[in-house]
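Breakdown of the fold
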Amino acid sequence: MPIHLSSGGRIVVIVNGVFLALIGLAIFLYHRHKHNKSSQATVDTIVKREVRKERLKSDIILTAIEDGVIVVDNNGTIQLFNPGAARITGWSAEEAIGLDYAAVLRLVDDKNGAINKEVNPLSRIFHEGKPIHDNSASLVAKAGDRFPISLSVSPLIDSGNKVSAAVGIFRDISTERAEEQRRAEFISTASHEMRTPVAAIEGYLALALNDRVSHIDSKAREYLDKAHASTQHLGKLFQDLLTSARAEDGRLSNHPVAVEMSAFLEQLIDGLRFTAEKKGLHLEFLIGSNTATVDATDASKAVVKPLYYVHVDPDRMREVVVNLFDNAVKYTESGKVSIGLTGDSEVVQLRITDTGTGIPTEDISHLFQKFYRVDSSATRTIGGTGLGLFIARKIIELYHGKIWVESQLQKGSTFFINLPRLSTQKATQLQSQEAKDTSPLI
Ligand code: ATP
Ligand code: MG
């Protein structure tokens, strides 16, 4: 390094100082760069190791899961297929990945009809965006064997809030189904057998209570009245058990026809009025908007009504309305029960409203389960088995409808039923077909 002595030693010292500082800086920058490079490499290795570890963990989990796991992208192509899925379907992961999911996960309904993509949960999830659970479909495996499955599909949401993939988890439920079937068969046989002697007892008690047939004193009448009421209750219980067992194993007798709901309800309500009035409750029937009231006690107030056609078995529908109406009367001390009917082009909606005890919020989600009863001081003393709403739900589901309740404690409850609406044209077409089918052969 040239050091020139010029005007004085001070300049030499300054130049030297600057020079040394530059060297120092260069050495510092060099080391920092080297250090940065090596620390970047270390970070990369750690990240890679972590990714590998996570992948290994998820591979182990996916392999260990007995259930089938399938991941489908938004083109319907299979991206992941775990060993469980391979075991259940008979397709290996190598064969399945890259194929359209519908070719591998072949779903059919209870009549063996293929479930098309519009209703398949693995396609629906892309526009519904919410988890879907389905226990009604069966799977046709690669070898052609068919068995019921339980399928849950969840969406994978990307940063743009769109569903980018669907994760399906499924398992074979044939064993549970066979078990359910055996249980339902036992209940159905037992209740069927028990109904006969109960009907006989009820008949004899009715004879004993009939003045024209037997003479009994007032004390005996009081006892026999109680025995008669209990026997009737027992008969209803066996009937409900039989109906619910049949609803569960799909053997509920069902002959749907085109039914015009306002005429059907008007006729039905005529028979129900007595029960409500016996308890001092007012019964009203509202058709269309709430202003178009048809008082159940005065047919002359009838207004021009729209036609609300649905495709149901009238006997089954009667069972549902009577169940809801009985509840409304049973759980209402005073006030009124209203039956309402409205609809739009797609749906016919039936409402049964009461001014009774109401239902606690925490019970609402369990209400339509078998044997569920609200345990409150207001309802504990009222008789019942908790089968009415379960049967009603099963019947409404049979017709692809929906049943739910909105309620406020001490104010009352409204039970809603939505059923798919039949256009008048379709209903007329069905009615003429029904007439042809039932007309005697010449
Ligand atoms: P049953 O099998 O004889 O009908 P249940 O009336 O007890 O017996 P569900 O009709 O299934 O059975 O009703 C289940 C429970 O829901 C009832 O026990 C009652 O606690 C509650 N519930 C139903 N309807 C009403 C209502 N309109 N108001 C208040 N609580 C109701
Ligand atoms: Mg009931």
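Above this note sits the structure.
I will try to describe carefully the structure that is included in this document. (Residues numbered from 1 in each chain as written. Chains lettered and ligands numbered in written order. Predicted model: local features only at pLDDT ≥ 70, side-chain atom pairs only at ≥ 80, totals over all residues. Heavy atoms only, no water.)

What follows is about helix H9 (residues 314-330). The end-to-end C-alpha distance of H9, which contains 17 residues, comes to 24 Å, matching closely the 24 Å that a straight helix rising 1.5 Å per residue would cover. Those residues of H9 not exposed but buried are Arg-316, Met-317, Val-320, Val-321, Asn-323, Leu-324, Phe-325, Asn-327, Ala-328 and Val-329. For H9, the side-chain oxygen to backbone nitrogen distance between the N-cap and Asp-315 is 2.9 Å, and the N-cap itself is Asp-313. (Helix = DSSP H or I, 4+ residues; strand = E, 2+ residues; numbered from the N terminus. Expected span 1.5 Å × (residues − 1). Buried < 20%, exposed > 50% of the residue type's maximum accessible area, 1.4 Å probe, protein only. Polar contact = N/O pair within 3.5 Å; in protein donor to acceptor, adjacent residues only side chain to side chain.)

The next thing to look at is helix H8 (residues 261-278). Over its 18 residues, H8 runs 26 Å from end to end, which matches the ideal 26 Å to within 8%, given 1.5 Å per residue. Turning to H8, its buried residues number three or more, namely Met-261, Ser-262, Phe-264, Leu-265, Leu-268, Ile-269, Leu-272 and Ala-276.

Attention now goes to the site of ligand 1. Near ligand 1 lie 22 residues; those nearest to it are Asn-327, Asp-354, Arg-373, Leu-387 and Leu-389. Between ligand 1 and Asp-354 there is a distance of 2.8 Å, counted from a nitrogen atom to a side-chain nitrogen or oxygen. The separation between an oxygen atom of ligand 1 and a polar main-chain atom of Val-374 is 3.2 Å. Protein chains shield 97% of the accessible area of ligand 1, which is 590 Å² for the free molecule. Elements supplying a minimum of two residues to the shell around ligand 1: helix H7 (218-248), H9, helix H11 (388-398) and strand E15 (412-420). With 3 residues, H9 is the single largest residue contributor to the shell around ligand 1. (Near = heavy atom within 4 Å. Areas by Shrake-Rupley, 256 points an atom, 1.4 Å probe, with all protein chains shown as cover.)

By the bridge criterion, 7 bridges tie strand E14 (residues 402-408) to E15 in an arrangement that is antiparallel. Note on E15: the bridge partner recorded for Trp-404 is Phe-416. Connecting E14 to the next strand, E15, in antiparallel fashion are 3 residues, including Gln-410 with a positive phi near 65°. (Pairing = 2+ DSSP bridges.)

Interaxial distance between helix H6 (residues 174-209) and H7 falls to 8 Å at its minimum, and their mutual angle equals 155°. When the axis of H6 is compared with that of H7, the two are roughly antiparallel. Crossing of H6 over H7 shows left-handed handedness. Looking at the contact of H6 with H7 residue by residue, the classes come out as 16 nonpolar, 8 polar and 5 charged. (Axes fitted to C-alpha atoms, helices over the stretch in contact; angles between N-to-C directions. Parallel < 35°, antiparallel > 145°, perpendicular 65-115°, else oblique. Left-handed = near helix turned anticlockwise from the far one by under 90°. Nonpolar A, V, L, I, M, F, W, Y, C, P; charged D, E, K, R; others polar.)

Here we take up the side chain of Ser-138. Inspection of the secondary structure puts Ser-138 in strand E5 (residues 138-140). With a relative accessible area of 11%, Ser-138 lands in the buried category. If we ignore the near neighbours within four places in the chain, the residues touching Ser-138 are Arg-106, Leu-107, Val-108, Arg-146, Phe-147, Pro-148 and Ile-149. (Contact = heavy atoms within 4.5 Å.)

Take the environment of Ser-262 next. Structurally, Ser-262 is set in helix H8. When the C-alpha positions of Ser-262 and Thr-342 are compared, they lie 9.4 Å apart, and in sequence the two are 80 residues distant.

This part covers unusual backbone geometry. The phi dihedral of Asn-112 is positive, around 70°, even though this residue is not glycine. Here Asn-112 lies in the loop between strand E3 (106-108) and helix H5 (121-128). A residue is classified by how much of its surface remains accessible, and Asn-112, at 45% relative accessible area, is partly exposed. Notably, Gln-410 is not glycine yet its phi reads approximately 65°, a positive angle. In this structure, Gln-410 sits in the loop between E14 and E15. Overall, the relative accessible area of 67% leaves Gln-410 in the exposed class.

Turning next to the packing of aromatic side chains. Counted by the stated rule, this structure contains 2 aromatic pairs. Considering the side-chain rings of Phe-368 and Phe-415, the 6.3 Å spacing of their centres and the 70° angle between planes classify their relative orientation as edge-to-face. Of this pair, Phe-368 sits in the loop between helix H10 (361-364) and H11 while Phe-415 sits in strand E15; the two residues are 47 residues apart in sequence, bridging distant segments of the chain. For the pair shown, Phe-368 and Phe-415 are each scored as buried. Between Trp-404 and Phe-416, the ring centres sit 5.0 Å apart and the planes meet at 10°, which makes this aromatic pair stacked. (Phe/Tyr/Trp six-rings, centres within 6.5 Å; stacked < 30°, edge-to-face > 60°.)

With 6 of its 8 residues buried, strand E13 (residues 347-354) lies for the most part within the structure. Where strand E12 (residues 336-343) lies against E13, 7 bridges are found, and the strand directions are antiparallel. Across the sheet, Thr-342 pairs through a bridge with Gln-349, a residue of E13. From the end of E12 to the start of E13, which pair antiparallel, there are 3 residues. Bridge count for E13 against E15 is 7 bridges, and the pairing is antiparallel.

Right, let's get into the nonpolar core. Core analysis: the biggest nonpolar cluster contains 51 residues, and Met-261, Leu-265, Met-317, Ile-339 and Leu-350 have the highest contact counts within it. Here this core spans two domains, since at least three of its residues come from each of domain 2 (177-250) and domain 3 (257-428). Tyr-101, Ile-132, Phe-147 and Ala-166 belong to the second largest nonpolar core, which has 25 residues in total. (Core = buried A, V, L, I, M, F, W, Y, C linked by side-chain atoms within 4.5 Å. Domains from an automatic or database assignment.)

We now examine a nonpolar patch on the surface. A cluster of nonpolar side chains, namely Val-43, Val-47 and Val-51, defines an oily patch on the protein surface of about 230 Å² accessible area. Locating Val-43 in the fold gives a position in helix H1 (residues 9-64). (Patch = residues over 30% accessible without salt bridge, like charges linked within 9 Å, V, L, I, M, F, W, Y side chains within 5 Å. Salt bridge = Lys/Arg side-chain N within 4 Å of Asp/Glu carboxyl O.)

Further remarks concern the environment of Glu-284. By the secondary structure assignment, Glu-284 is in strand E9 (residues 282-287). By relative accessible area, which is 14% here, Glu-284 ends up buried. Separated by 69 residues in sequence, Glu-284 and Thr-353 place their C-alpha atoms 9.8 Å apart.

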